[in-house]
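Architecture and fold: a report
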Amino acid sequence: MFRNEIQAGSFNVAALSADQTGCDWAYSIGLEHNFNHPELLVVGLEATIAGAVIELLGEEIAAGRHLGAGEVVRLAGGMNLQVREVDPLWLARGDWFVLGRAVMETWGQRWPETLQLVWSDGQGEFPDLPGDPAWSLKQPLLMHN
């Protein structure tokens, strides 16, 4: 089913519910293949909500929108999302994109560039990135004896 829809020029969404060791997440399959756009990923929102976010933005991408790293997307209802690049190591390893990789492998392709959509807290702040100089300035200094 996933492959048929993608071969027909569309995209699909894999929305996965958590088990005891993780959290819900959702990602697109086919945006890169059909619309020359990185795939999208949302982690930590309820699977149905994460899937709806991917579906909504995927439809906008299919209609010509392009998202880039650093961009802030404001959805109706007040949800704010920041677009971030996903490290290539996560794309090739781990269990995040198993279904997507299986679909892409049928065409002899590897899992493509992916953008993560990170949501803001109630004050509109996004989580900091370790390694970002601004992040280190917000951390308490360690006291050494």
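Analysis parameters
Residues numbered from 1 in each chain as written. Predicted model: local features only at pLDDT ≥ 70, side-chain atom pairs only at ≥ 80, totals over all residues. Heavy atoms only, no water. Buried < 20%, exposed > 50% of the residue type's maximum accessible area, 1.4 Å probe, protein only. Helix = DSSP H or I, 4+ residues; strand = E, 2+ residues; numbered from the N terminus. Pairing = 2+ DSSP bridges. pLDDT = per-residue confidence, 0-100. Contact = heavy atoms within 4.5 Å. Axes fitted to C-alpha atoms, helices over the stretch in contact; angles between N-to-C directions. Core = buried A, V, L, I, M, F, W, Y, C linked by side-chain atoms within 4.5 Å.

Across the 6 residues that make up strand S5 (residues 80-85), a large majority, 5, are buried. Taken together, the 3 bridges between strand S4 (residues 72-74) and S5 define a ladder with antiparallel strand orientation. Bridge pairing in S5 places Val-73 opposite Leu-81. Counting the residues in the hairpin turn of S4 and S5 gives 5 residues, including Gly-77, whose phi is positive at 95°. Pairing between S5 and strand S6 (residues 114-119): 5 bridges, direction antiparallel. If you follow Glu-85 over to S6, its bridge partner there is Leu-115.

This part covers the confidence of the model for the protein chain. Here the protein chain shows a mean pLDDT of 77. Residues at 70 or above account for 70%. The weakest mean pLDDT in the protein chain belongs to helix H6 (residues 133-138) at 40; the strongest belongs to helix H3 (residues 47-62) at 94. Residue range residues 132-145 is modelled with pLDDT below 50. Its contacts to residues more than four positions away, or to other chains, number 4 contacts.

The strand order S1-S2-S3-S6-S5-S4 describes an open sheet built from 6 strands, whose pairing is mixed. This sheet does not close on itself; its edge strands, each paired only once, are strand S1 (12-16) and S4. If you compare each strand with its neighbour and ignore which way they point, the axes differ by 25° on average. With 3 bridges connecting them, strand S2 (residues 25-29) and strand S3 (residues 39-43) associate as antiparallel partners. What sits directly across from Trp-25, in S3, is Val-43. Running at roughly 155° to S3, H3 makes contact with S1, S2, S3, S4, S5 and S6 of the sheet.

You can see Ala-8 is positioned in the loop between helix H1 (2-7) and S1. Counting along the chain gives 26 residues from Ala-8 to Asn-34, while the straight-line C-alpha distance between them is 9.1 Å.

Membership of the largest hydrophobic core comes to 19 residues, with the highest contact counts inside it found for Leu-40, Leu-57, Leu-67 and Leu-117. Only S3, H3, S5 and S6 provide two or more residues apiece to this core. Here this core gets 5 residues from one element, more than from any other, and that element is H3. With residues up to four places along the chain from it excluded, the contact list for Leu-40 reads Ala-26, Tyr-27, Ser-28, Leu-31, Ile-54, Leu-57, Gly-58, Ile-61, Leu-67, Thr-114, Leu-115 and Leu-117. Grouped together as the second largest cluster of nonpolar side chains are 7 residues, Trp-25, Ile-29, Leu-41 and Val-43 included.

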